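Observations on the three-dimensional arrangement
Take a look at the letters that make up each chain.
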Amino acid sequence: MQSKALNRKGGGGTEPREGAEKEEMENVVVADKTSSPSDDDITPPPPVSFLPPPPPPPKKARGGWRSVKYILGNESFEKLASMGLIANLTVYLQTKYNMDGIQLVNVFNIWSGSTNLTPLLGAFLSDAYLGRFRTLLFGSVSSFLGMVVLALTAGMPKLRPLDCPGVSSCQKPQDWQLGVLYSGLGLIAVGAGGVRPCNIAFGADQFDTRTEKGRAQLESFFNWWYFSFTVSLVIALTVVVYVQTNVSWVIGYAIPAACLFSSFVIFLIGKHTYIITKPHGTVFVDIAKVVVGACKKRAVSLESSSGYSLYDPPLTESDQHVEKLAHTDVFKFFDKAALITDSSELDDKALPKNSWRLCSVQQVEQLKLIVGLVPVWFTGIGCFITMDQMNTFGLMQAIQSNNEVHNFKIPPGWMGLISMICLSTWIFIYEKIYLPQAKKRSKKNIRFTTRHRINTGIVMAILCMVVAAIVERNRRDAALKQGTLVSPQSILLLLPQFAFSGLNEAFAAVAIMEYYTNHLPETMRTLAGAIFFLSFSASSYLNTAIINLVHLVTSNNGKESPWLGGRDLNKVKLDYFYYLIACLAALNLLYFNLFSCRYLEKHVDKRSESRHEEMNEAA
């Protein structure tokens, strides 16, 4: 019974299993039939290609106008911010920090001198270690932080002394308040050291000047750079100065801070488009090596060194972009650094064993070019001292003049706009009217020579000081007659002296900068800009020394009023000081024509003359 039951159970279990297997097989067959595509639906495999895969789309080339638009944007905002500070700093220090004339001028001149001295250090760091991109980046950050500090001094009354509407019994700023002010100005000076020597050079890096197209683009870049500079300057001297004087110092300094932040952002946005060159070494080290090498061989006589030869190796492949300088017979003392006095000074590869004892002729000639600039560099200092007076005492005259014209109050900081208008007007007349007309009459080089332009600039400096002295005497007499701090004399009578100051810059400063650029080879143009700014720095420091000396001498005479000092120009004789500066300018005119012009003519770059001739032929 059990066996039958088991047989039935086992048989009953076998039949369903076989049926299930049969059903599964049918399902598989059905699935295969339903899932198998028809012949028309079968996609043939892709053909096998033995060709290499297509290259990725080419990346846009770096440099060119694609990069320059960011650089010009950065430069425009940076200049707007810096000029918005410089144009009205004298007014801010006098009205918000209650500084008297001497302290105010000292602070302004020392700060101005520092902002023109730091570019020399910035040029060294850029060429030797950081490169132009990083130097510009760090400089922009420093300038922004400094502008933020100054905006805080305007917005937080505790950071400055109490306001003083009069001229006597004014609270002096405390040392810690001056410390905050000086820290802000110091950060801006450091930022200027990074921005000023590199902005134009970094823009020039974006073009390949080895091609005709690149050289033409570079010339166009300079034009657009100057255009953006002028537009920024006009906005700074009008809108920003007006807001600072008539609306709010807080807003007036917040605008430059915002401009610097925008400048920094724009500069970073364009990073992926820039051609960023690596530091290629600095000429400052080569200059030091030549000086040290010449001093080590100072006992060697050049007259008795006929048996010696000069170390003048050819340029290497990495220096093909460097212009080979020929040996000259000027400043012969430095030739001693290139004298091979002993064959043991060279190694097996004919290279100097000690580069601080034996230098190449190329290094020596680079130093000679720089030394050749020194006589003209002193002339530039004499020209720039006059411009410094208008930035300080000229604005103080404007503060104590009647600035109301037809119910509109002219901000004193607008006086600097007159100088820029005269400068731009002269350049336009010279380039667009005089030169084309003169070209029609003569096919020769009819451009004004560098000597004529510098002479004209010095004459303008003399006229500026003489006119300023006459106007100041009349302003003071009118104020004393009326018995008021502000003279009834109109501020418009100050326009001629600011106009002469602008013409001084248009003739002398532009000519000197052009001479520096043409005198030095292309690889030293960063140094040329630094030397130009160094002359501004020297003029600021020298002006500070002269002012303090004049104040010390004239204030000890109790019988007469001092020439300088105090917050009230009506109590001093500023016109006497102006006549003194005019006399110094006259001495500068004699120095230039009797001495330094000989170096100007002796070392003038012939390439600039040929360029002018080519430009005239093309005109």
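This section reports on the structure supplied with the text.

Basis of the calculations
- Along every chain, residues carry numbers that run from 1 in the direction the sequence is written.
- This being a predicted model, a pLDDT of at least 70 is required before a residue's local features are given, and a value of 80 or more before pairs of side-chain atoms are given or counted; all residues contribute to the totals for chains, interfaces and linings.
- Side-chain calculation: all heavy atoms of the structure are included, whereas hydrogens and water are not.
- Each helix corresponds to a stretch of at least 4 residues labelled H or I by DSSP, and each strand to a stretch of at least 2 residues labelled E; elements are numbered beginning at the N terminus.
- Only heavy atoms enter the contact rule, under which two residues are in contact if any of them lie within 4.5 Å.
- Lines fitted to the C-alpha atoms define the axes, with helices restricted to the stretch that makes contact. Angles between their N-to-C directions range from 0 to 180 degrees.
- Any angle that falls under 35 degrees is termed roughly parallel, while one over 145 is termed roughly antiparallel, one within 65 to 115 roughly perpendicular, and all others oblique.
- Crossing chirality is assigned from the near helix's rotation relative to the far helix, an anticlockwise turn below a right angle marking it left-handed and a clockwise turn marking it right-handed.
- Salt bridge criterion: a side-chain nitrogen from Lys or Arg within 4 Å of a carboxyl oxygen from Asp or Glu.
- Buried means the residue's accessible area, taken with a 1.4 Å probe over protein chains only, is under 20% of the maximum for its type, while exposed means over 50%, and partly exposed covers the values in between.
- Within this scheme, the nonpolar core is defined by two criteria: the residues are buried Ala, Val, Leu, Ile, Met, Phe, Trp, Tyr or Cys, and they are joined through side-chain atoms within 4.5 Å.
- For the domains described, the bounds stem from an automatic or database domain assignment.

1. A short note on the side chain of serine 360
- When you line up the elements, serine 360 lands in the loop between strand E2 (339-340) and helix H11 (361-399).
- Setting aside residues up to four positions removed in sequence, serine 360 forms contacts with Tyr311, Pro313 and Ala338.

2. Some details on the packing of helix H4 (residues 101-130) against helix H5 (residues 132-155)
- Two elements in contact, H4 and H5, have axes separated by 8 Å at closest approach and are oriented at 135°. For the element pair H4 / H5, the angle class is oblique. The way H4 lies across H5 gives a crossing that is right-handed. Here H4 contributes Gly122, Ser126, Asp127 and Leu130 to the contact with H5, which in turn contributes Arg132, Arg134, Thr135 and Phe138.

3. Section: the pattern of salt bridges
- The final tally for this structure, using the stated rule, is ten salt bridges.
- With its nearest N and O atoms 3.9 Å apart, the salt bridge here joins aspartate 163 to lysine 96. Residue aspartate 163 is found in the loop between H5 and helix H6 (175-195), and its partner lysine 96 is found in helix H3 (residues 89-96); the two are separated by 67 residues along the sequence.
- On the basis of relative accessibility, which here comes to 49%, the residue aspartate 163 falls in the partly exposed class.

4. Looking at unusual backbone geometry
- Although it is not a glycine, asparagine 98 adopts a positive phi angle of roughly 55°.
- Topologically, asparagine 98 is positioned in the loop between H3 and H4.

5. Some points on the nonpolar core
- Core analysis: the biggest nonpolar cluster contains 57 residues, and Tyr253, Phe393, Phe577 and Tyr578 have the highest contact counts within it.
- For this core, the domains that each give at least three residues are domain 1 (60-279) and domain 3 (372-618).
- In this view, phenylalanine 577 contacts Gln389, Phe393, Asn543, Ile546, Ile547, Val550, Trp563 and Leu564; residues no more than four positions away in its chain are not counted.
- Of all hydrophobic cores here, the second largest spans 39 residues; its members include Met387, Ile512, Tyr516 and Leu527.

6. Notes on the packing of H5 against helix H9 (residues 249-269)
- H9 packs onto H5 with a crossing angle of 160° between their chain directions and a minimal axis gap of 9 Å. Here H5 lies roughly antiparallel to H9, going by the angle between them. Crossing of H5 against H9: the hand is left-handed. Contacts between H5 and H9 involve Phe133, Leu136, Leu137, Ser140, Val141, Ser143, Phe144, Met147, Leu150, Ala151, Ala154 and Gly155 from the first element and Trp249, Val250, Tyr253, Ala254, Pro256, Ala257, Leu260, Phe261, Phe264, Phe267 and Leu268 from the second.

Worth remembering: the numbers are spatial, not functional.
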